[in-house]
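Observations on the three-dimensional arrangement
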Amino acid sequence: MIRPIIHYGFHLIIPLLIALVFVPKNWKKVYLIFLGAMLIDLDHILATPVFDPNRCSIGFHPLHSYYAIAGYTAMLFFPKVRIIAFALLWHIITDQLDCWMI
């Protein structure tokens, strides 16, 4: 019961707090970017079954692969996409936390 609360809290609530604390003037834009980062979960439709609560996304799905994570990390070096990179990496961190709770 606690696992989904933690997982979705890290996907939805913590990014809101990050946006409010670190970029209060543009918090709505930053929060929408964090929510948009959840689109990387579209790669789940390539798996069978699409949703498996006991499957770790990291290293399994293409947009959760180590190559993709390296790409998201590289994006941190480009100021124009840095917040997108941070949002994508936050998504990966959140999914990794979920993997540790399996």
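Scroll up to find the structure.
In what follows, the accompanying structure is described. Quantities reported herein were computed from a predicted structural model and do not represent experimental measurements.

The biggest cluster of nonpolar side chains holds 17 residues, and the ones touching the most others in it are Phe34, Ile40, Ile58, Ile69, Tyr72, Leu88 and Ile92. Looking at this core, the elements that each hand over two or more residues are helix H1 (2-22), helix H2 (27-36), helix H3 (66-75) and helix H4 (82-100). Counting residues per element, this core draws most heavily on H4, which supplies six residues. Leave out the neighbours within four places in its chain, and isoleucine 69 touches Ile58, His64, Leu89 and Ile92.

In total, this model carries one salt bridge according to the counting rule given. Taking the shortest distance from any N to any O, the salt bridge between arginine 3 and aspartate 98 comes out at 2.9 Å. Taken together, the residues arginine 3 in helix H1 and aspartate 98 in helix H4 connect sequence positions 95 residues apart. Aspartate 98 shares its class with arginine 3; the two are buried.

Backbone torsion omega between threonine 48 and proline 49 reads -5 degrees, so that peptide bond is classified as cis. Mapped onto the elements, proline 49 comes out in the loop between H2 and H3.

Glancing now at H2. Within the span of H2, buried status applies to Val30, Tyr31 and Phe34. Buried residues of H2 fall within an arc of 100 degrees about the axis and therefore sit on the same side. For H2, exposure combined with an orientation more than 90 degrees from the buried face picks out Lys28, Lys29 and Leu32. On its buried side, H2 packs onto H1 and H4.

Let us now look at the packing of aromatic side chains. Inspection of every chain in the model, using the stated rule, returns two aromatic pairs. Ring centres of phenylalanine 10 and tryptophan 90 lie 5.8 Å apart, and the angle between their planes is 5 degrees; on these two criteria the pair is classed as stacked. In this pair, phenylalanine 10 is assigned in helix H1 and tryptophan 90 in helix H4, connecting sequence segments 80 residues apart. You can call tryptophan 90 buried: its relative accessible area is 16%.

Working definition: the covalent bond between the sulfur atoms of two cysteines is a disulfide. One pass over the full model with this rule turns up one disulfide. The side chain of cysteine 56 participates in a disulfide bridge whose partner is cysteine 99; the two sulfur atoms lie 1.9 Å from each other. A torsion of 90 degrees about the S-S bond marks the disulfide between cysteine 56 and cysteine 99 as right-handed. Of the two residues, cysteine 56 is situated in the loop between H2 and H3 and cysteine 99 in helix H4; the sequence distance between them amounts to 43 residues.

What counts as what
- Residues numbered from 1 in each chain as written.
- Predicted model: local features only at pLDDT ≥ 70, side-chain atom pairs only at ≥ 80, totals over all residues.
- Heavy atoms only, no water.
- Core = buried A, V, L, I, M, F, W, Y, C linked by side-chain atoms within 4.5 Å.
- Buried < 20%, exposed > 50% of the residue type's maximum accessible area, 1.4 Å probe, protein only.
- Helix = DSSP H or I, 4+ residues; strand = E, 2+ residues; numbered from the N terminus.
- Contact = heavy atoms within 4.5 Å.
- Salt bridge = Lys/Arg side-chain N within 4 Å of Asp/Glu carboxyl O.
- Arc of directions from axis to C-beta.
- Phe/Tyr/Trp six-rings, centres within 6.5 Å; stacked < 30°, edge-to-face > 60°.
- Disulfide = S-S within 2.5 Å.

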